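Architecture and fold: a report
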Amino acid sequence: MSEHNKAIVRRLFEELWNKGNLSLADEFFAPNYAHYDPSTPDVGRGPESEKKRATLYRTAFPDLRLTIEDIIAEGETVMARWSCRGTHKGDLSGIAPTGKQFNISGVTIARLSNGKMAEGWVNWDALGLMQQLGVVPELAKTKAAAR
């Protein structure tokens, strides 16, 4: 079961996020899928919410590329440590395109049930993204400027 669940998460990253095959969300996510990520807007539950979330980020970063760095599974739980890169070419929740590139990392913990994601907990470097886009100043630069 663990190897099968890891394969599902790998496909999710590659097909939905990297290739933008949103139609596969119904295959990957349970109808009542719950997503826990304080860094992203709440867009509801289930496959439709994930289509909205992927569209939000893929519109802002059309060259978005997620890479799984490590993946571990135990029973119905899969943990993936990942990196993500892209270029800010579209609106991101009211942030106009900057044309800047970014490279961040994050962790996703997924609970699967009957071959579909039932719950997902995501923690990623949202501050690092905002700093790399120039929306939020980097702390070290702010301190140096204040001297």
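Please refer to the structure higher up on the page.
Before going further, it helps to spend a moment on the overall build of the protein chain. When helices and strands are tallied, the protein chain shows five helices and five strands. Helices and strands in the protein chain line up, N terminus first, as α-α-β-α-β-β-β-β-α-α. By its C-alpha atoms, the protein chain is 55 × 25 × 25 Å across when sized along the principal axes. Counting every atom, the protein chain has about 7900 Å² of accessible surface; 53% of that belongs to carbon and sulfur. Side-chain charges of the protein chain comprise 19 positive and 18 negative groups, with the mean position of each set lying 5 Å from the other.

With 35 residues, the main nonpolar core has Phe61 and Leu129 as its most contacted residues. No other element matches helix α1 (residues 2–18), which puts six residues into this core. When near neighbours in sequence (up to four residues on either side) are disregarded, Leu129 contacts Phe61, Leu92, Phe102, Ile104 and Trp124.

Each value, and the rule that gives it
Per chain, the residues get numbers from 1 upward, laid out in the order the sequence is written. This being a predicted model, a pLDDT of at least 70 is required before a residue's local features are given, and a value of 80 or more before pairs of side-chain atoms are given or counted; all residues contribute to the totals for chains, interfaces and linings. With hydrogens and water set aside, each side-chain value is computed from the structure's full complement of heavy atoms. In DSSP terms, a helix is any run of H or I states spanning at least four residues, a strand is any run of E spanning at least two, and both are numbered starting from the N terminus. Reported accessibility uses the Shrake-Rupley method at a 1.4 Å probe radius. Residues are deemed covered only where the shown protein chains occlude them. Residues scored as charged are limited to Lys and Arg (positive) and Asp and Glu (negative), so that His and the chain ends carry no count. One atom stands in for each charge, and that atom is NZ of Lys, CZ of Arg, CG of Asp or CD of Glu. Take the buried Ala, Val, Leu, Ile, Met, Phe, Trp, Tyr and Cys residues and link them wherever side-chain atoms come within 4.5 Å; each set so joined is a nonpolar core. When a residue's accessible area, from a 1.4 Å probe over protein chains only, is under 20% of the maximum for its type it is buried; when over 50% it is exposed; and in between it is partly exposed. We call two residues contacting when some pair of their heavy atoms lies within 4.5 Å.

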